[in-house]
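Survey of secondary and tertiary structure
Here is how the chains run, residue by residue.
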Amino acid sequence: MMEYSLILIPYFAEVVVDENMTDKVRELRFTSLKTLQGQLNYYKKLGYIDELINGIAEKKAEMIMQATSKTEMDRVLKPHAPRYDGCRFIPDEYLTPEEELIAWSQTSLKGPLVECGQRRFSELFKLLFPDKSKEIFT
């Protein structure tokens, strides 16, 4: 499996060499990729597996490359927590399933998850690790 830093290299390269990008957007994207790299380093330091971190790297880097404003970039780097509608959690469009699973994992370290939180954790785990979830949940 590829290391998340290697996933980010082509994105950094594109930011540097793309002649059609304005300096403002170039600086915004470069800074955002560095911020993303710091977030990924933090997740790695906490001990999360490469599959989760690499998934975030790929998806967030793509989002960064599409964003053109500071407001949108802030939403990419700091997505809102999922909204609970009384029946289920609805994720923010900028929140990757990998990030949400990490957030639920971190929350569970502070105390047991409520029933709807446990359900959401299971949904995300099954989505991201279908083979492993078959072993665990069957």
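To keep things clear, this report deals only with the structure shown in the data block. Model, not experiment: these values are computed from the prediction.

Observations regarding the layout of surface pockets
The calculated volume of the largest pocket comes to roughly 280 Å³. Broken down by secondary-structure element, the contributors of at least two residues to the lining of the largest pocket are α2 (23-46) and α5 (97-110). Per element, the largest residue contribution to the lining of the largest pocket is 7 residues, and it comes from α5. Residues belonging to the lining of the largest pocket are distributed by class as follows: 11 nonpolar, 4 polar and 2 charged.

Observations regarding the environment of Q37
Its location among the elements puts Q37 in helix α2. Classification of Q37 by relative accessible area gives buried; the value is 17%. Remark: the alpha-carbon pair of Q37 and T107, spanning 70 residues in sequence, is separated by 22 Å. Apart from the residues lying within four places of it in its own chain, the contact partners of Q37 are Y4, S5, L8 and F12.

Considerations on helix α4 (residues 70-77)
Buried within α4 we find M73, V76 and L77. On an axial view of α4, the arc spanned by its buried residues comes to 90°, and they lie on one face. Summarising the contacts, the buried residues of α4 are in contact with α2 and α3 (50-66).

A look at the packing of helix α1 (residues 4-17) against α2
Put simply, α1 and α2 touch, their axes get as near as 9 Å, and they point 170° apart. Classified by the interaxial angle, the pair formed by α1 and α2 is roughly antiparallel. On α2, the residues touching Y4, S5, L8, Y11, F12, V15, V16 and V17 of α1 are R26, R29, F30, L33, K34, L36, Q37, L40, N41 and K44. Taken together, the residues of the contact of α1 with α2 break down into 11 nonpolar, 3 polar and 4 charged.

Some remarks on α3
Helix length check: α3, at 17 residues, gives a terminal C-alpha distance of 24 Å against a target of 24 Å (1.5 Å per residue), a fit within 8%. Every buried residue belonging to α3 is among L52, I53, N54, G55, I56, A57, K60, A61, I64 and M65, and all of these are buried. On its buried face, α3 is in contact with α1, α2, α4, α5 and α6 (115-128).

Here we look at the pattern of salt bridges
Applying the stated rule across the entire model yields 10 salt bridges. For the salt bridge of D23 with R26, the shortest nitrogen-to-oxygen distance reads 4.0 Å. You can see D23 and its partner R26 sitting in helix α2, 3 residues apart, about one turn around the helix. A residue is classified by how much of its surface remains accessible, and D23, at 63% relative accessible area, is exposed. Notably, a salt bridge pairs K59 with E98, separated by 2.7 Å at the nearest N-O pair. A residue pair is termed long-range when its members are at least 10 positions apart, and K59 in helix α3 and E98 in helix α5 qualify at 39 residues. Where salt bridges share partners, they join R75, D92 and E93 into one cluster.

Cut-offs used in this document
- Residues numbered from 1 in each chain as written.
- Predicted model: local features only at pLDDT ≥ 70, side-chain atom pairs only at ≥ 80, totals over all residues.
- Heavy atoms only, no water.
- 1 Å grid on protein atoms, 1.4 Å probe; cavity = no way out; pocket = protein on both sides within 12 Å on 5 of 7 lines; lining within 4 Å.
- Points joined across faces, edges and corners; volume = space filled by probe spheres on them.
- Helix = DSSP H or I, 4+ residues; strand = E, 2+ residues; numbered from the N terminus.
- Nonpolar A, V, L, I, M, F, W, Y, C, P; charged D, E, K, R; others polar.
- Buried < 20%, exposed > 50% of the residue type's maximum accessible area, 1.4 Å probe, protein only.
- Contact = heavy atoms within 4.5 Å.
- Arc of directions from axis to C-beta.
- Axes fitted to C-alpha atoms, helices over the stretch in contact; angles between N-to-C directions.
- Parallel < 35°, antiparallel > 145°, perpendicular 65-115°, else oblique.
- Expected span 1.5 Å × (residues − 1).
- Salt bridge = Lys/Arg side-chain N within 4 Å of Asp/Glu carboxyl O.

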